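# Reading the structure
This is what each chain is made of:
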Amino acid sequence: MRGMALVDIPGSKSLTARALFLAAAADGVTTLQRPLRSDDTEGFAEGLTRLGYRVGRTPDAWQVDGRPQGPALAEADVYCRDGATTARFLPTLAAAGHGTYRFDASPQMRRRPLLPLTRALRDLGVDLRHEEAEGHHPLTVRAAGVEGGDVVLDAGQSSQYLTALLLLGPLTRTGLRVTVTDLVSVPYVEITIAMMRAFGVEVGREGDTYVVPPGGYRATTYAIEPDASTASYFFAAAALTGGEVTVPGLGGRALQGDLGFVDVLRRMGARVEVGADRTTVSGTGELRGLTVNMRDISDTMPTLAAIAPFASGPVRIEDVANTRVKECDRLEACAENLRRLGAEVATGPDWIEIRPGAAGSGTAGSGARGSLAGADIKTYGDHRIVMSFAVTGLRVPGISFDDPGCVRKTFPGFHEAFAELAKVLRKDSDG
Ligand SMILES: O=C(O)C1=C[C@@H](OP(=O)(O)O)[C@@H](O)[C@H](O)C1
Ligand SMILES: C=C(OP(=O)(O)O)C(=O)O
């Protein structure tokens with residue numbers, strides 16, 4: 001019998017970060033139900049606390065006292081850890097207040113860019129200075145409120161720049177018009193707009209221009225969906241092993257574009273059912289190669305790369321240049337680790353191609369089950385490298401990680417949860 005599992009996935013990082021921003025900026029007290037408890041989101045909540053917001057936390061819900069006028073403290077020092085949402089959204093929130101706010105981040109996050117966002121904030125009159133490298137943390141915002149107006153933004157590296165500005169819009173005196181010259185990860189902007197609506201703000205669109213009215217946010221009670229990027233590892237596990245995984249709470253109504261990863265698995269041969277409020281992926285034994293554009297869902301690129309050697313044909317993932325400026329250079333990290341396992345891989349500026357089976361094994365086209373060998377995966381402190389190659393580990397014994405704990409960024413309990421799933425999948429394939 002095939003292994004069947006119902007997997008409870010923790011809350012979405014992206015929804016939790018946005019909800020914390022919106023709650024802090026809203027007029028009134030907001031309750032977030034089922035927020036993600038992980039290093040990124042706890043870092044975000046801690047950052048709010050450092051700015052003087054009150055964030056009450058119980059295991060199942062967080063409560064935030066909104067302050068439409070901005071941070072309660074006139075001075076603060078905020079450490080954003082590894083979280084890009086924290087490092088990009090919080091200085092933007094602070095800009096709407098009055099005071100001097102310094103932001104720093106981990107060495108990993110310090111390396112990641114934010115210049116297009118800080119330039120746009122400066123264009124809007126915000127006094128923002130980078131302390132060391134231009135366009136990187138640490139930085140200081142001397143905030144005196146934001147008037148609003150028109151701004152042009154290149155969000156070709158990260159949609160988070162646009163999200164930050166959209167979230168800021170209702171806190172400006174006259175509203176914001178943001179014209180984008182380029183944009184990646186579009187579904188994340190759609191999440192932002194949908195969540196702003198839930199907090200009482202309607203974002204308009206005129207071609208490439210996003211129009212945000214002034215007037216502030218309304219507090220609410222907001223339930224966080226399970227994290228669709230996290231769910232990708234569990235869905236991939238089903239497709240890879242011939243098992244079946246159902247994730248409740250993520251279905252047709254979900255806001256997150258990363259649930260679209262199941263469409264990739266469907267194209268490869270898995271059976272996929274997306275209900276209104278749950279999604280099931282069943283492996284069929286077939287895993288076909290494909291060429292796929294992952295510009296919209298690039299957090300799931302490593303998930304696909306990690307199962308790609310088991311496909312019957314080449315897997316080519318395109319238009320994912322911005323995965324080079326995530327927690328690590330994910331295209332090279334995936335390629336390097338796949339090669340450590342013995343797979344044949346090529347990369348270009350914005351693509352990766354993985355050939356079936358092991359390099360030089362002459363088994364191309366057979367899926368080469370079993371021909372890869374275990375290795376110590378170099379994680380570069382990237383949670384997604386660990387979680388992705390844990391999926392590979394369902395078929396390749398002897399995989400270990402130089403930093404397994406970095407999953408704390410989005411899913412501290414990942415290893416326990418994944419071991420549970422592996423047990424279910426293994427038990428049923430044994431018996
Ligand atoms: O807005 C967000 O919550 C996110 C946007 C995406 O980043 P980019 O827009 O930089 O691709 C995604 O990779 C990240 O994990 C979360
Ligand atoms: C890229 C990621 O995170 P962030 O940009 O929010 O740090 C991620 O979670 O894969």
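Residues numbered from 1 in each chain as written. Chains lettered and ligands numbered in written order. Predicted model: local features only at pLDDT ≥ 70, side-chain atom pairs only at ≥ 80, totals over all residues.

For the rest of this paragraph, the subject is the nonpolar core. Counting 141 residues, the largest nonpolar core has Phe235, Ala237 and Ala239 as the members making the most contacts within it. Considering every element that reaches this core, the biggest residue donor is helix H8 (residues 228-241), with 10 residues. Counting contributing residues, this core receives three or more from each of domain 1 (5-212) and domain 2 (227-430). Discounting residues that sit within four places of it in the chain, alanine 239 has contacts with Leu265, Met268, Ala270, Val281, Gly283, Leu287 and Ile307. (Core = buried A, V, L, I, M, F, W, Y, C linked by C-beta atoms within 7 Å. Buried ≥ 20, exposed ≤ 12 C-beta atoms within 10 Å, placed from the backbone. Helix = DSSP H or I, 4+ residues; strand = E, 2+ residues; numbered from the N terminus. Domains from an automatic or database assignment. Contact = placed C-beta atoms within 7 Å.)

What follows deals with the domain arrangement of the protein chain. When cut into domains, the protein chain gives domain 1 (5-212) and domain 2 (227-430). Computed over C-alpha atoms only, the centres of domain 1 and domain 2 are separated by 30 Å. At the level of secondary structure, the elements contributing two or more residues to the side of domain 1 that touches domain 2 comprise strand E1 (4-6), helix H1 (13-25), helix H2 (39-50) and helix H7 (186-198). Broken down by element, the side of domain 1 that touches domain 2 gets its largest block of residues, five residues, from H7.

The next subject is the site of ligand 1. Taken together, 13 residues form the shell around ligand 1, and within it Ser14, Ser158, Ser159, Ser185 and Tyr188 come nearest. When contributions to the shell around ligand 1 are tallied by element, the ones reaching two or more residues are H1 and helix H6 (160-168). Among the residues making up the shell around ligand 1, the classes are represented as three nonpolar, nine polar and one charged. Both of domain 1 (5-212) and domain 2 (227-430) provide at least three residues apiece to the shell around ligand 1. (Near = placed C-beta within 6 Å. Nonpolar A, V, L, I, M, F, W, Y, C, P; charged D, E, K, R; others polar.)

The omega torsion of the bond from histidine 137 to proline 138 falls at 0°, within 30 degrees of zero and hence cis. On the secondary structure map, proline 138 appears in the loop between strand E8 (127-130) and strand E9 (139-144). In this structure, serine 185 takes a positive phi of about 50° despite not being glycine. Within the secondary structure, serine 185 sits in the loop between strand E11 (176-183) and H7.

Right, let's talk about H2 for a bit. Compared with an ideal rise of 1.5 Å per residue, which puts 12 residues at 16 Å, H2 spans 16 Å between its outermost C-alpha atoms and is within 8% of the ideal. Of all 12 residues that make up H2, nine are buried, and the element is covered over most of its length. As for H2, its buried residues are in contact with H1, strand E4 (54-57), strand E5 (61-65), strand E6 (75-79) and helix H3 (84-95). One or two steps after H2, the chain reaches glycine 52, where phi turns positive at roughly 100°. (Expected span 1.5 Å × (residues − 1).)

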